[in-house]
Every structure is written in C-alpha cells, then in structure tokens.
Amino acid sequence: MSAPQKAGQNPSTTKPLTIVAANQNKKALMNKVNKPMYAKALNLLTFKENEAVLEIGIGNGRFLKSISEKVPNGLVTGIDLSSTMLFLAKSYNKNLMRQKKVQILNKNVENLNFEKELFDKIISLNTIYFWKNPTKIIQQLYQILKPNGQILLAFNSKNEMIK
C-alpha cells in the first residue's frame, strides 16, 4: 500500500481528509463493476429534459453526470451518508453543481424530509442491502415521487456480490 495522499479539507470537519491510494483503487473498481448496471438502469427509464431526479447512495458521485445528461434542463439530487463519499462526489461534480444541474446532500434514506411529489425519477443501485426498514423507505419514496413518476431499485444478487 502506498502512502496516503492528501485530498484537501473535509467540508464537514476542520480535520484534513486523507485518502489512501488503496481505497481509491477500490472506488475505481466499484465504478467499473457498477457501470453496466447504471447503463442498464438508465436505459430502463424514460427521461424528459426538465425532470427532477433523486439518486440514493451516490458513493463518489461518478454516475451523477450520466443522469444529468439525461435531464439537461432538470436537476439531479444525490444523497449519501458518508462524509468521505460526499466530499469526493462534490469534488467530481463541482462544475455541474455550479451550473445548478446537480445538488449533493448529506441525507439518510431512513428520513428523507423532502417535500411531497418533488421527484420525477428516483434511482438507487446497490443500497437496499443497508436499509433497516425497506418497506417504510419505499413508502417514503412514493410520497416524494410525482404522479406518474418512476422508481428504479437495482441490486446484485448475493452470489454476484460474493464474486
């Protein structure tokens, strides 16, 4: 393992954020593994250019750009709990955030607190494993989904995750 690389200040604390190169390789691997699933997921949904889209569990935020390209006059909201992932996602998407095409929030899927009927699409890939009460969360998702909106939850099987 190589020496830690300093990536800047963590916006949620005053402590410097250190990312170990091995973790960066793991994130790159997760992006590579998830890319085909994201491509299939995005092709399953029908987007209009001005829609509001929520992605739950954005990780390092690498796929927010792909979603944003589907809704060029819309807004993509990405949420995650990890301050490290939020920092990376904001760094990667700073231009889209500046253009008001993407917003990244520190939110827990267990307590979303969005206004009702806000989103046209809700996407979550490989996060349902971590939800304490999936039934309650799905009920919340339907409350924040606009009429005729779409929810896409995708996940790998246990056998795929073990590979």
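Residues numbered from 1 in each chain as written. Predicted model: local features only at pLDDT ≥ 70, side-chain atom pairs only at ≥ 80, totals over all residues. Heavy atoms only, no water.

A. Focus on the pairing of strand β7 (residues 145-154). Where strand β6 (residues 119-125) and β7 come together, six bridges link them in parallel fashion. Within β7, the residue paired with Phe119 across the bridge is Leu145. Where the polypeptide runs from β6 across helix α5 (residues 134-144) and back to β7, its parallel neighbour, the crossover connection is right-handed. (Pairing = 2+ DSSP bridges. Helix = DSSP H or I, 4+ residues; strand = E, 2+ residues; numbered from the N terminus. Right-handed = clockwise from strand over helix to strand, strands pointing away.)

B. Representation of the side chain of Thr127 in the model. Following the sequence through the fold, Thr127 ends up in the loop between β6 and α5. Note on Thr127: relative accessible area 11%, which makes it buried. If sequence neighbours within four positions are ignored, Thr127 has contacts with Ile56 and Gly57. (Buried < 20%, exposed > 50% of the residue type's maximum accessible area, 1.4 Å probe, protein only. Contact = heavy atoms within 4.5 Å.)

C. Quick look at the sheet that holds strand β3 (residues 52-56). The parallel open sheet is built from five strands, whose spatial order is β5-β4-β3-β6-β7. Edge positions in the sheet fall to β5 (102-106) and β7, since each has one partner strand and no second. Neighbouring strand axes in the sheet, compared pairwise and without regard to direction, differ in orientation by 15° on average. Two elements, β3 and β6, share four bridges in a ladder whose sense is parallel. Directly across from Ile56, in β6, lies its bridge partner Ser124. (Axes fitted to C-alpha atoms, helices over the stretch in contact; angles between N-to-C directions.)

D. Structural context of a nonpolar patch on the surface. Among the surface-exposed residues, Tyr129, Phe130 and Phe155 lie close enough to one another that they form a single nonpolar patch of about 360 Å² accessible area. In this fold, Tyr129 is placed in the loop between β6 and α5. (Patch = residues over 30% accessible without salt bridge, like charges linked within 9 Å, V, L, I, M, F, W, Y side chains within 5 Å. Areas by Shrake-Rupley, 256 points an atom, 1.4 Å probe, with all protein chains shown as cover. Salt bridge = Lys/Arg side-chain N within 4 Å of Asp/Glu carboxyl O.)

E. Examining the pattern of salt bridges more closely. Scanning all chains against the criterion turns up two salt bridges. Where Lys121 meets Glu51, a salt bridge forms, and the shortest distance between an N and an O atom there is 3.0 Å. In this pair, Lys121 sits in strand β6 while Glu51 sits in the loop between α1 (21-44) and β3, placing the two residues 70 residues apart along the sequence. With respect to class, Lys121 is no different from Glu51; both count as buried.

Interpretation note: all reported values are geometric properties and have no functional meaning in isolation.
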